[in-house]
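# Per-entry structural report
So you can see what is in the structure, the chains are spelled out below.
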Amino acid sequence: MVVLHREEFLGTVIDLLSRGKESIPRIKNLSARRVTLRLPSPVVLGEYVISARGFAIVTVELLDGTIGKAFSLDRGTPVAESVNTLIAQPYKEIFNGDPVATFDSLLRRMSAPLSTGASLRGLSLVDLATHDAVARHKGLTVVENFGKKEKELPIWAVVGYPPSRGPEEIAWEVEAAVAVGATGVKLPVGANPIKTRERIEAALATKLCPVATDLAWSCRTAKDAYQIVRGLDLAWVEDPFIPGSIAELVELRRMLDVPLASGDDETHLYHPQAFIETGALDILRIDATCQGGLSRMILLNDYLQKSGLAISWHVYDAIHHQIASIIDPLTFSIEYSAPGASVDPLAELILDRRKSGFTHDGRGFRLALPDLPELSDALNGPPRWVSYR
């Protein structure tokens, strides 16, 4: 694989997006709305209790009627409001047919309000929806719009939800996920540290695939996290501490014999630099839906490549698979969840609807988002593993 240097990579991207950008219609409408999916059973991740999943859905409509969309969890923050009141109007005014240049210009103009939190989530989704709209206008997928082809990437299954399930229920789900093509599996924390370890051991005992664990910000010290996973042959240990715990990550990495990963929902522009510059991690967790969209990943391409760290992408597989195919850094994993798991219930609903013929049109990010009311019910469990494709 030929890896372009920063100037070459960005030059190629700018050339591709600038070529004919005058023919890209301007934005007619840009808006966001919130959709809440009530979960059939609460998801308990340590002290984090989730009874419903809230999503922000952003829609970008070009003057010719082409519509692009993007979505993500809003974590209970006013993402839709940030888009509608803070981002939409200036973004429409600046947009010139090139989403990367628009992202960069708007961020430089409004860096204080847009650099973190709900507003960065909103800007990220606006960026993704605009890339979706531009590619759809051209009749292409997003990755094709960058002159590339989708890569064959390792697909990992997020199993073991809800975390209240005991170790005796883990083996069948690992088997089901591997049977439909999963490369590996990842489990969240259990009801307590003992149950967490027992669930991991049950997955490892199948010997069907590599196993990782998401400690979901449940630990306070490196020793706490180490006691849960010590001696286990894991693909990686993920997110043991709440954001801002660089010292704890550095200490835990020193103690571990397996890779350490972190970065989910680090919704600020010091991610991923804070992890890279401190040597805190072996694998970067990245989520483009809250960390700057596709445009920021493109602008970070050379920096990420030079870091030498592989990327494990945080859910939203349809979006992240194409982004991982556009940028150069190595992808360690693309992850998805089964209908009924309540990990990413909107994506799970989209996946489940395929059985009824609701499929994407092969353009943009290839999303087939349902038109949901403001409040709906997520799919009931247990998880029903189906093929990623």
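Structure shown above.
Summary of the structure given here.

Cut-offs and rules
- Residues numbered from 1 in each chain as written.
- Predicted model: local features only at pLDDT ≥ 70, side-chain atom pairs only at ≥ 80, totals over all residues.
- Heavy atoms only, no water.
- Buried < 20%, exposed > 50% of the residue type's maximum accessible area, 1.4 Å probe, protein only.
- Helix = DSSP H or I, 4+ residues; strand = E, 2+ residues; numbered from the N terminus.
- Pairing = 2+ DSSP bridges.
- Right-handed = clockwise from strand over helix to strand, strands pointing away.
- Arc of directions from axis to C-beta.
- Contact = heavy atoms within 4.5 Å.
- Axes fitted to C-alpha atoms, helices over the stretch in contact; angles between N-to-C directions.
- Parallel < 35°, antiparallel > 145°, perpendicular 65-115°, else oblique.
- Left-handed = near helix turned anticlockwise from the far one by under 90°.
- Nonpolar A, V, L, I, M, F, W, Y, C, P; charged D, E, K, R; others polar.
- Core = buried A, V, L, I, M, F, W, Y, C linked by side-chain atoms within 4.5 Å.

## Observations regarding the pairing of strand S5 (residues 184–188)
Counting buried positions along S5 gives 5 out of 5 residues, so the element sits mostly inside the fold. Of the two faces of S5, the one carrying Gly 184, Lys 186 and Pro 188 and the one carrying Val 185 and Leu 187 are both buried. Sheet topology places strand S4 (residues 155–158) next to S5; 3 bridges connect them, and they run parallel. Residue Trp 156 lies in a different strand from S5, and its bridge partner there is Gly 184. Once you follow S4 into helix H7 (residues 170–179) and on to S5, the crossover reads as right-handed. Direction of pairing for S5 relative to strand S6 (residues 211–214): parallel, over a ladder of 4 bridges. By the bridge assignment, Leu 187 is partnered in S6 with Thr 213. The parallel pair S5 and S6 is bridged by helix H8 (residues 193–205), and the resulting crossover is right-handed.

## Looking at helix H9 (residues 222–229)
Those residues of H9 not exposed but buried are Ala 222, Ala 225, Ile 228 and Val 229. Down the axis of H9, the sector holding all buried residues measures 130°, keeping them to one side. Looking at the buried side of H9, the elements it contacts are H8, S6, strand S7 (237–238) and helix H10 (246–255). Note on H9: the residue one or two positions beyond its end, Gly 231, has a positive phi of about 80°.

## Considering H7
Listed as buried for H7 are Ile 170, Glu 173, Val 174 and Ala 177. When H7 is viewed along its axis, its buried side chains cluster within an angular range of 100° and face the same direction. In this fold, the buried residues of H7 make contact with S4, S5 and H8.

## Regarding the packing of helix H2 (residues 79–94) against helix H3 (residues 99–109)
Following both chains from N to C, one finds H2 and H3 inclined at 125°, their axes separated by 10 Å at the closest point. Classified by the interaxial angle, the pair formed by H2 and H3 is oblique. Crossing angle aside, the handedness with which H2 passes H3 is right-handed. Along its contact with H2, which presents Ile 87, Pro 90, Tyr 91 and Ile 94, the element H3 presents Pro 99, Thr 102, Ser 105, Leu 106 and Arg 109. Among the residues forming the contact of H2 with H3, the class breakdown is 6 nonpolar, 2 polar and 1 charged.

## Brief notes about the sheet that holds S4
Hydrogen bonds between backbone groups are what pair the strands of a sheet, and the pairing can be parallel or antiparallel. Taken in spatial order, the 8 strands line up as S4-S5-S6-S7-S8-S9-S10-S11 and close into a barrel, and their pairing is parallel. Here S7 pairs with strand S8 (residues 260–262) via 2 bridges, running parallel. Paired with Glu 238 across the bridge in S8 is Ala 261.

## Some remarks on the packing of H9 against H10
It is at 9 Å that the axes of H9 and H10 come closest, and there the two elements cross at 35°. In this structure, H9 meets H10 at a crossing whose hand is right-handed. Residues Ala 222, Lys 223, Ala 225 and Tyr 226 of H9 touch H10, and the partners they reach there are Glu 248, Glu 251, Leu 252 and Met 255. A per-class count over the contact of H9 with H10 returns 5 nonpolar, no polar and 3 charged.

## Overview of unusual backbone geometry
The omega angle of the peptide bond from Tyr 161 to Pro 162 is -10°, so this bond is cis rather than trans. Looking at where Pro 162 falls in the secondary structure, it is placed in the loop between S4 and H7. The step from His 271 to Pro 272 runs through a cis peptide bond, and the omega angle for that step is 10°. Topologically, Pro 272 is positioned in the loop between S8 and helix H11 (273–278).

## Here we look at the nonpolar core
In this structure, Leu 30, Val 58, Phe 71, Tyr 91, Val 185, Trp 313 and Ile 323 are the most contacted members of the largest nonpolar core, which totals 120 residues. By residue number, the principal contributor to this core is helix H5 (residues 117–137), which donates 9 residues. Grouped together as the second largest cluster of nonpolar side chains are 6 residues, Ala 212, Ala 235, Trp 236 and Ile 283 included.

## Description of the pairing of strand S3 (residues 67–73)
Along S3, 5 of the 7 residues are buried, which leaves the element largely enclosed by surrounding structure. The pairing of strand S2 (residues 48–62) with S3 spans 7 bridges and is classified as antiparallel. Bridge pairing in S3 places Val 58 opposite Ala 70. Here S2 folds back onto S3, and the loop between the two strands holds 4 residues, one of which, Gly 65, carries a positive phi near 95°.

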